[in-house]
Amino acid sequence: MADRTPQSAILAASKRSGDGRNPQLTKLVPALLDWFSANARDLPWRRTRDPYAIWVSEIMLQQTQVKTVIPYWTRWMQELPTIEAVAKASPAKIHKLWEGLGYYSRVRNLQKAARQIVADCRRRGDESLTKTKSETPSAFAQLRRDKHVVSYKFPDNYDDVLALPGIGRYTAGAICSIAFNQPVPILDGNVIRVLTRVFGIGENPREKKTNAQLWQLAAELVAFTGGARLRRAQISIAGDPATGKGSNGSTESRPTKNTNCSSLNQSIMELGALICTPRNPQCLVCPVKKLCVAYRENRVAALPNLGQRTATTARRFTAFVIERNGKFLVRQRPAGVVNAHLWEFPNTEFNGANAKDAFKSIFGFRPPALKPFYTVKHSITRYRITLEAWRVSFGGASSARPHDKMGCRGPSSAAPIFSGRRMEIPPSGKWLTPAQMSRLAFTAAHKKLASAATDCILFGP
Ligand code: SF4
């Protein structure tokens, strides 16, 4: 069976019959909306139409699973319930709230965007002292309801949203469709998978032309939804349309107006997340299987055609866990590098040298002894990273009393004398207790080291 191209799928999607209705979309769109209405997960950011809350969820959900994001989102909204709160927050606070989510440029851009919104509102004189109204009883809404706060309006114009730092075409489409019910498309991995399978598109969606055509197809779908008079004029999330109650029995999640564009975009993402998954898609229970070209032509496993996978690259890092008087030497990563502003143990990329040479490359001398401490393996994009941590051993001294052997003298912040040499501490380095470290944001791998190091202090080597 010949592959369809995105262009032929677009033509099919935009084809109208004599009564002006598209026979394919007339079935597909209601099937998606009905399924979403009955099966959407009750996620905390779906209980609101607040663009700020939706924006935060969309940024967190990039590269991160829903179940991981829920506690992060909840904590963020409790700590920073308004755009103004984000704009005013310290870098340490936003990084701590993001700690473990990775891809930290996301949180820095989020704050830049919040500051831009506040500045734009002030310039236009748009700020208003209001008692914030929210229909949701979640903790963050309670915080907002009980206070008079200066309200800074999140832009509702697609181009203005797209112009904010850290917001690309997908995120702008998600915010504008979900929060404002605008007929703008979204295209992420889940949507690509569903569209290529349903429409039987065999071309590689990573290719520029195909990708542009998939955007157009996604636009056709949501435009059709926005203009259609659908059987359900009002879609409630995971709820019973008769009672308006959500799947958890609450009424809080019920949108109060026609939310077809919002629901359509979310339905495709949800179908991709729950049913039309990369491996083992649940075609038998899929609400659109009768309309799905890949299912009909037995090509589900072949789509989407993503071409050859990018080869992975192995990288090894060597880190040093150095303790003195119950404090550990850690340093802050500088601005302008990956994981900027986050904290870590001194480390260097393994370049074939042994661990003592790696230590020397950081501190300027070879340590007398090192003990294997902990190994962390993790992946970032195409990199498979191994972080090997060594504990600096001071002649066999216990971790509780290393400072005698180190010849440490003076206040705890002074550089220790070590093997007759004063140890050079990196400019951003600090000696911190486990409690102090717990208040700072570490990269995920180094957070594991910090946890293991703390256990050493508590329970011995
Ligand atoms: Fe995906 Fe299967 Fe549904 Fe087609 S029938 S959309 S391949 S889950």
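All values reported here derive from a predicted model rather than from experimental measurement.

Draft legend 1. How the structure looks around the packing of helix H3 (residues 51–61) against helix H10 (residues 169–180). Contact geometry of H3 with H10 gives a least axis separation of 9 Å together with a crossing angle of 145°. The hand of the H3/H10 crossing is right-handed. Contacts between H3 and H10 involve Pro 51, Ile 54, Trp 55, Glu 58 and Ile 59 on the former and, on the latter, Tyr 170, Thr 171, Ala 174, Ile 175, Ile 178, Ala 179 and Phe 180.

Draft legend 2. View of the packing of aromatic side chains. Tallying each qualifying case throughout the model produces 10 aromatic pairs. Centre to centre, the rings of Trp 45 and Trp 73 are 5.7 Å apart; their planes meet at 70°, and the pair counts as edge-to-face. Here the residue Trp 45 occupies a position in the loop between helix H2 (23–39) and H3, and Trp 73 occupies one in helix H4 (residues 66–79), the gap between them amounting to 28 residues. With respect to burial, Trp 45 and Trp 73 carry one shared label: buried. An aromatic cluster of at least three residues, connected via ring pairs, comprises Phe 320, Phe 359, Phe 363 and Phe 365. Directly above the ring of Trp 215 sits Arg 169, whose terminal nitrogen or CZ lies 3.9 Å from the centroid. Cation over ring: Arg 324 sits above Trp 431, and NZ or CZ is 4.4 Å from the ring centre.

Draft legend 3. Region of the structure containing a positive patch on the surface. Taken together, the side chains of Arg 206, Arg 279, Arg 309 and Arg 384 present a region of like positive charge at the surface. Structurally, the position occupied by Arg 384 is in strand E11 (residues 383–393). Given a relative accessible area of 35%, Arg 384 falls into the partly exposed group.

Draft legend 4. How the structure looks around the environment of Asn 265. Inspection of the secondary structure assignment puts Asn 265 in helix H13 (residues 260–274). Separated by 232 residues in the primary sequence, Asn 265 and Leu 33 place their C-alpha atoms 9.3 Å from one another. A distance of 3.0 Å separates the side chain of Asn 265 from the side chain of Ser 177, its partner in a polar contact.

Draft legend 5. Broad picture of the site of the ligand. Taken together, Arg 197, Val 198, Ile 275, Cys 276, Cys 283, Cys 286, Val 288, Lys 289, Cys 292, Tyr 295 and Val 300 make up the full set of residues adjacent to the ligand. A molecule is said to occupy a pocket when more than half its atoms come within 2 Å of that pocket's grid points, and by this definition the ligand occupies the largest cavity. The class makeup of the residues in the shell around the ligand is nine nonpolar, no polar and two charged.

Draft legend 6. Structural view of empty space enclosed by the protein. Enumeration according to the criterion identifies three cavities of 30 Å³ or more in this entry. Within this model, the largest cavity holds a volume of roughly 100 Å³. Along its surface, the largest cavity is lined by 15 residues, and Arg 197, Cys 276, Cys 283, Cys 286 and Cys 292 are the ones closest to its centre. Its residues assigned to classes, the lining of the largest cavity comprises 12 nonpolar, one polar and two charged.

Draft legend 7. Examining the pattern of salt bridges more closely. By the definition in use, this model includes 15 salt bridges. The residue Glu 344 makes a salt bridge to Arg 331 at a minimum N-O spacing of 2.9 Å. Of the two residues, Glu 344 is situated in strand E8 (residues 343–344) and Arg 331 in strand E7 (residues 327–332); the sequence distance between them amounts to 13 residues. Looking at Arg 331, the relative accessible area reads 15%, which means it is buried. Here the residues in one salt-bridge network are Arg 41, Arg 46 and Glu 270, joined through shared partners.

Draft legend 8. The arrangement of a nonpolar patch on the surface in detail. Taken together, the side chains of Leu 284, Val 285 and Tyr 295 present a nonpolar region at the surface, about 320 Å² in accessible area. Within the fold, Leu 284 resides in the loop between H13 and helix H14 (293–296). What makes Leu 284 exposed here is its relative accessible area of 68%.

Draft legend 9. Inspection of the confidence of the model for the chain at higher detail. On average, the chain scores 81 in pLDDT, and the residues at 70 or more come to 74%. Overall, residues 129–137 carries pLDDT values under 50, and its contacts beyond four positions in sequence, including any with other chains, amount to 22 contacts. Across residues 395–413 the pLDDT falls below 50, and counting only partners more than four positions away or on other chains, this stretch makes 33 contacts in the model.

Draft legend 10. Representation of the side chain of His 95. Looking at where His 95 falls in the secondary structure, it is placed in helix H6 (residues 91–98). Among the polar contacts listed, one links the side chain of His 95 to the side chain of Arg 108, at a separation of 2.8 Å. The contacts of His 95, once residues within four sequence positions are left out, are Tyr 104, Val 107, Arg 108, Ala 340, His 341, Leu 342 and Ala 441.

Definitions and cut-offs
- Throughout this description, residue numbers start from 1 for each chain and increase along the sequence as written.
- Per-residue local features of the predicted model are confined to residues with pLDDT of at least 70, and side-chain atom pairs are confined, for both listing and counting, to 80 or more; whole-chain, interface and lining totals are unaffected and use all residues.
- Working from all heavy atoms in the structure, the side-chain values ignore hydrogens and water.
- Helix axes use the C-alpha atoms of the stretch in contact, all axes being lines fitted to C-alpha atoms, and the angles between their N-to-C directions lie in the range 0 to 180 degrees.
- Per the convention used, a helix needs a DSSP run of H or I reaching at least four residues, while a strand needs a run of E reaching at least two, with both numbered from the N terminus.
- Throughout, a crossing is termed right-handed when the near helix is turned clockwise from the far one, and left-handed when it is turned anticlockwise from it by less than a right angle.
- Contacts are assigned to residue pairs with any non-hydrogen atoms lying within 4.5 Å of each other.
- Aromatic contacts are taken between Phe, Tyr and Trp rings whose centres are within 6.5 Å, Trp giving its six-membered ring; a plane angle under 30 degrees counts as stacked, one over 60 as edge-to-face, and the others as tilted.
- Buried, partly exposed and exposed residues are distinguished by accessible area as a fraction of the type maximum, computed with a 1.4 Å probe on protein chains only: under 20%, between the cut-offs, and over 50%, respectively.
- Only lysine NZ and arginine CZ atoms are considered, and such an atom sits over a ring when it is within 6 Å of the ring centre and within 35 degrees of the ring normal.
- Here, patches come from residues exposed beyond 30% relative accessible area and free of salt bridges, joined within 9 Å for like charges and within 5 Å for nonpolar side chains (Val, Leu, Ile, Met, Phe, Trp, Tyr).
- Here the Shrake-Rupley method, with its probe set to 1.4 Å, supplies the accessible areas, and only the displayed protein chains count as covering residues.
- The rule for a salt bridge is simple: a side-chain nitrogen of Lys or Arg has to be within 4 Å of a carboxyl oxygen of Asp or Glu.
- As used throughout, the charge tally considers Lys and Arg to be positive and Asp and Glu to be negative, leaving His and the chain termini uncounted.
- Working definition for charges: the position is that of NZ of Lys, CZ of Arg, CG of Asp or CD of Glu.
- In protein, a polar contact means a hydrogen-donor-capable atom and an acceptor-capable atom, both N or O and within 3.5 Å, with residues adjacent in sequence counting only if both atoms are side-chain atoms; elsewhere, any N or O pair within 3.5 Å suffices.
- By convention in this text, a residue qualifies as near a molecule or strand provided that one of its non-hydrogen atoms is within 4 Å of it.
- Both cavities and pockets are sets of points on a 1 Å grid over the protein atoms alone; in a cavity a 1.4 Å probe fits but cannot get out, in a pocket the set is open with protein on both sides within 12 Å along at least five of seven lines, and lining residues sit with an atom within 4 Å of a point.
- Occupancy of a cavity or pocket is assigned to a molecule whenever over half of its atoms lie within 2 Å of that pocket's grid points.
- When residues are sorted by character, Ala, Val, Leu, Ile, Met, Phe, Trp, Tyr, Cys and Pro go into the nonpolar class, Asp, Glu, Lys and Arg into the charged class, and all the rest, Gly among them, into the polar class.
- Grid points are joined across faces, edges and corners, and a volume is the space filled by probe spheres set on the points.
- The score called pLDDT rates the predictor's confidence residue by residue, from a low of 0 to a high of 100.

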